Amino acid sequence: MSTESVAWPNRAAASPSFVDHLHEWVTTVDHKRLGILYIVYALIFLVIGGIEATVMRIQLIRPHNDFVSPQVFNRMFTMHGTTMIFFVVMPVLFGFANYLIPLMIGARDMAFPRLNAFSFWMTAFGGLLLYFSLVGANGLYGAGNAPDVGWFAYAPLTSQTFSVGHSTDFWTLALLVSGFGSIGTAINIIATVLCMRCPGMTLAKMPLFAWLNLIMAGLVILAVSPLTAAQIMLMVDRYLGGHFFDTQAGGSAVVWMHFFWVFGHPEVYVLVLPAFAFASEIIPVFSRKPIFGYPVMVGATIAIGFISMSVWAHHMFTVGMSSAANTFFVISTMAIAVPTGIKIFNWLATMWGGKIEFKTPMLFCIAFLFQFLIAGLTGVMQAAAPFDWQLGSSYFVVAHFHYVIVGGILFCLFGAFYYWFPKMSGKIYSEPLGKLHFWLFIIGFHLTFDFMHIPGLLGMPRRIYTYEPGRGWDTWNLVVTIGVFFQAAGILVFLGNLIWSYFGGEPAGNDPWDAWTLEWSTNSPPPVYNFYTIPSVRSRRPLWDLKHPDDPDWKYE
Amino acid sequence: MCATSTTLPPELEWKLPARGQVGMFALIGAESAIFTIFVVAYLFYIGKSLSGPMPSEVLSPPILYTICLLSSSLTIHLAAKSLRGGKVRSFGAWWLLTIILGAIFLYGTASEWHRLIYKDGLTITTNLFGTTYYSLVGLHGFHVIVGLLALSSVMAFTTFGAVKQEQAERIDVLSLYWHFVDAVWVVVFTVVYLIGR
């Protein structure tokens, strides 16, 4: 064979052009790429939502501040809430679920790869629709504005009379469209977990991550669909002249509240279950012990799933329901603290006697345990209807749910980012920067949200754009706003760490944490086909069995 | 590449549910939740309209069309069964009958709406009854249309000879959806024509 006949690939073919690269990412149906698309998309919106929060806090830093107008303030809290829930936390959790579930259960992809891509793009365009309202909400008049009806959009604020223009329509459409994406992803997760497990992985041998995401997907199906239905009704009201929430024609504003919170409360558990899933993977690995009470963890998760469907009206104690309804929702809301408490004790018992390594992911998970406990306790306080009558719609409520979402969910998410970053990028992150992020963020978090409870107890209502001096709120608001800057600095360190480590980090190797689940058995980053041969497992910790053939787990399970 | 080398005990037979079926059941779960919200709204707003026409004045149960839709569940079951047995011609016949029955039902809804709009003057804006009625029945009608489009595309493939016994599993998934559309009608019929009248 002559040397001329050998067709060496030229450089252009070896490294595809930017357009080819873009085309590959846009048309991909690979669960890992879609997972990363979800995550990057959510990080962009995290920055946007964070800027909105910062604008609100600067406005409230002192009484009679005029940093933004009341109208802009209304748009800020609406967009902040909607963005953070629907276009940050949900996509990022779906991203991790997408990326990790097939790897953890030993599959080559999700059950429906094309549905997966469809769901991602629905979510992505939902977010774009929401922000297009900034330019398009007044239609052809040009200057638009963002929705300003609050993230739960109570009737009759959303009626044509009180919400002129199209800003509310963009809000409705964005949630409707991204809701279809969420339902598609949920269907995909359920089918993947039930139908794609590798040989030997029975439901009782699945990683807890897969279990918790399975329950999460079930909750998405049961919770996001009612929101979809309610949004359709709102569109019927706004576009076709229907009367669902039109009190002038016999409709009811309270029905919207019920429909929204039938979605809204299970949604909290949709967000928190994947956070539990991260903690359930990270805490055992960094405590060098298997998870304590695996069957109880699964049982508690299922219990949370069921009870969370019957607690929604604790958001409505101040609306004025019958005492029978109040009693029911008080009891069910307090009951859900029980399985959640069981989980916290199981994580503590996992750490108990373990050889704990205080790496960045573990630091975030430990902080999560403490903060989530406090968040749960203020939740139980507000579950008591008389207490809620006093503090409903005050800054105490705002502090409580930010403690859940930031102190609980976001801390676990940061832990997950650091824990799986080596797998996704093939590089190890910078541990000093990770620790700096942790300390900046935990200081900022506690400055902001610990002290936010107090003006709430002193009677400061939520969603006010300014306040009178001399009510005892001034200093607290100043401290709360100072905390925001620490958090913002932490986020910048975090993003910088991700970018710097991606381009300049040390190679991570396949299994930097000496972990036990299947995703660590393949390359970092994993090849397109995930596993060269489909693995088979005999216990909950397949890599432990592999590393310790003399003392495998399956002898004891 | 180190896939786990621990081998399975040979007595373990590894069988998982079919993903098409599971996915369809999950979709049906989501759809049921959507319909539940609309049904709850319908039930809550019964008798709360401030002006006429009221359901008792204008609605009469579409028994014939209901029989058509419900019997289409039987015909699609027979169609799927024929295909599983490899009888493609009999599959095509039952499938076509299913489409015809579904189309008759859809015609029934259309003619009822035409009568309500042009004779009784009931539109979606008239009163709460109009809003909830057109939304709920319309949502169901929309699902019938989607189902008919899916059934018709399978019919087209059958005509060109592209549907074979191997596809029986996929046909089962589609027939699951059609059964769901029929089952929802039982609920809608009960709520709209029996309880709400």
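Sequence order as written defines residue numbering, which begins from 1 separately in each chain. Just so you know, chain letters begin at A and ligand numbers begin at 1, following the order they were written in. Restriction of local features to residues with pLDDT of at least 70 applies here, the model being predicted, together with a cutoff of 80 or more for giving and counting side-chain atom pairs; totals for whole chains, interfaces and linings are based on all residues.

Each helix and strand in chain A was counted, giving 17 helices and zero strands. Each radius of gyration is computed over the set of C-alpha atoms, and the globule rule expresses the reference value as 2.2 Å times the number of residues to the power 0.38. Relative to the 2.2 N^0.38 estimate, which gives 24 Å for 557 residues, the radius of gyration of chain A is 24 Å and therefore close to what a compact globule would have. A principal-axis box enclosing the C-alpha atoms of chain A has dimensions of 85 × 60 × 45 Å. As a rule, residues whose C-beta atom has 12 or fewer other C-beta atoms within 10 Å are exposed, those with 20 or more are buried, and those in between are partly exposed; C-beta atoms are placed from the backbone. By the burial criterion, 53% of the 557 residues in chain A qualify as buried. We call two residues in contact if the C-beta atoms placed from their backbones are at most 7 Å apart. Considering only contacts in chain A between residues 6 or more positions apart, those separated by 24 or more positions represent 81%. The numbering of helices and of strands both runs from the N terminus, where a helix is a DSSP run of H or I of at least 4 residues and a strand a run of E of at least 2.

With that settled, the discussion passes to the overall build of chain B. Along the backbone of chain B there are six helices and zero strands. At 21 Å, chain B has a C-alpha radius of gyration far larger than the 16 Å of a compact globule built from 197 residues. Along the three orthogonal principal directions, the C-alpha set of chain B runs to about 75 × 40 × 25 Å. Counting all 197 residues of chain B, 36% fall into the buried class.

Attention now goes to the confidence of the model for chain B. All names here are of chain B. Confidence of the predictor in every single residue is expressed as pLDDT, which spans 0 to 100. For chain B, the mean per-residue pLDDT works out to 92, and 94% of the residues sit at or above 70. Least confident of the elements in chain B is helix α2 (residues 55-58), whose mean pLDDT is 92; most confident is helix α1 (residues 19-44), at 97. Taken as a whole, residues 1-5 scores under 50 in pLDDT and shows 15 contacts with residues more than four places along the chain or in a different chain. The ipTM value of the predicted complex is 0.93, and its pTM value is 0.94.

Looking now at the environment of A:A186. Tracing the sequence through the fold places A:A186 in helix α6 (residues 167-195). The spatial distance from the C-alpha of A:A186 to the C-alpha of A:L214 is 8.3 Å, given a sequence separation of 28 residues. Ignoring sequence-local partners within four residues, the contact set of A:A186 consists of A:A217, A:V220, A:I221 and B:A26.

Let us look at the interface of chain A and chain B. Residue-level contacts link 43 residues of chain A with 35 residues of chain B. Note on residue categories: nonpolar means Ala, Val, Leu, Ile, Met, Phe, Trp, Tyr, Cys or Pro, charged means Asp, Glu, Lys or Arg, and polar means any other residue, Gly included. In terms of residue class, the side of chain A that touches chain B is made up of 28 nonpolar, 12 polar and three charged.

Right, let's talk about helix α4 (residues 70-104) of chain A for a bit. Residue and element names in this part refer to chain A. In a helix, the anticipated span is given by 1.5 Å times the number of residues less one. An ideal rise of 1.5 Å per residue puts 51 Å on 35 residues; α4 measures up with 49 Å between its terminal C-alpha atoms. Its maximal kink placed at M84, α4 deviates by approximately 35 degrees. Counting buried residues in α4 gives 29 out of 35 residues, a clear majority hidden from the surface. One or two steps after α4, the chain reaches G106, where phi turns positive at roughly 75 degrees. Two axes enter the bend calculation: one fitted to the seven residues ending at the residue in question, the other to the seven starting there, and the bend is the angle between them.

A word on the environment of A:W473. Residues and elements named next belong to chain A. Within the element layout of this structure, W473 appears in the loop between α15 (431-457) and α16 (474-504). Overall, W473 belongs to the buried group, with 21 C-beta atoms counted inside 10 Å. Along the backbone, W473 and C198 are 275 residues apart, and their C-alpha atoms lie at a distance of 57 Å. Excluding residues within four positions of it along the chain, W473 makes contact with P455, L458, M460 and Y467.

Residue and element names in this part refer to chain A. For our purposes the nonpolar core covers buried Ala, Val, Leu, Ile, Met, Phe, Trp, Tyr and Cys residues that link as a set through C-beta atoms within 7 Å. Counting 210 residues, the largest nonpolar core has I105, I190, V220, A279, I409, C412 and L413 as the members making the most contacts within it. The leading source of residues in this core is helix α14 (residues 395-425), at 22 residues. Setting aside anything within four residues of it in sequence, one finds C412 in contact with A275, F278, A279, F364, C365 and F368. Residues F73, M76, M79 and A146 belong to the second largest nonpolar core, which totals five residues.

For the rest of this paragraph, the subject is the confidence of the model for chain A. Residue-level pLDDT values for chain A average 93, and 96% of them are 70 or greater. Between residues 1-9 of chain A, whose pLDDT stays under 50, and residues either more than four places distant or in other chains, the model counts one contact.

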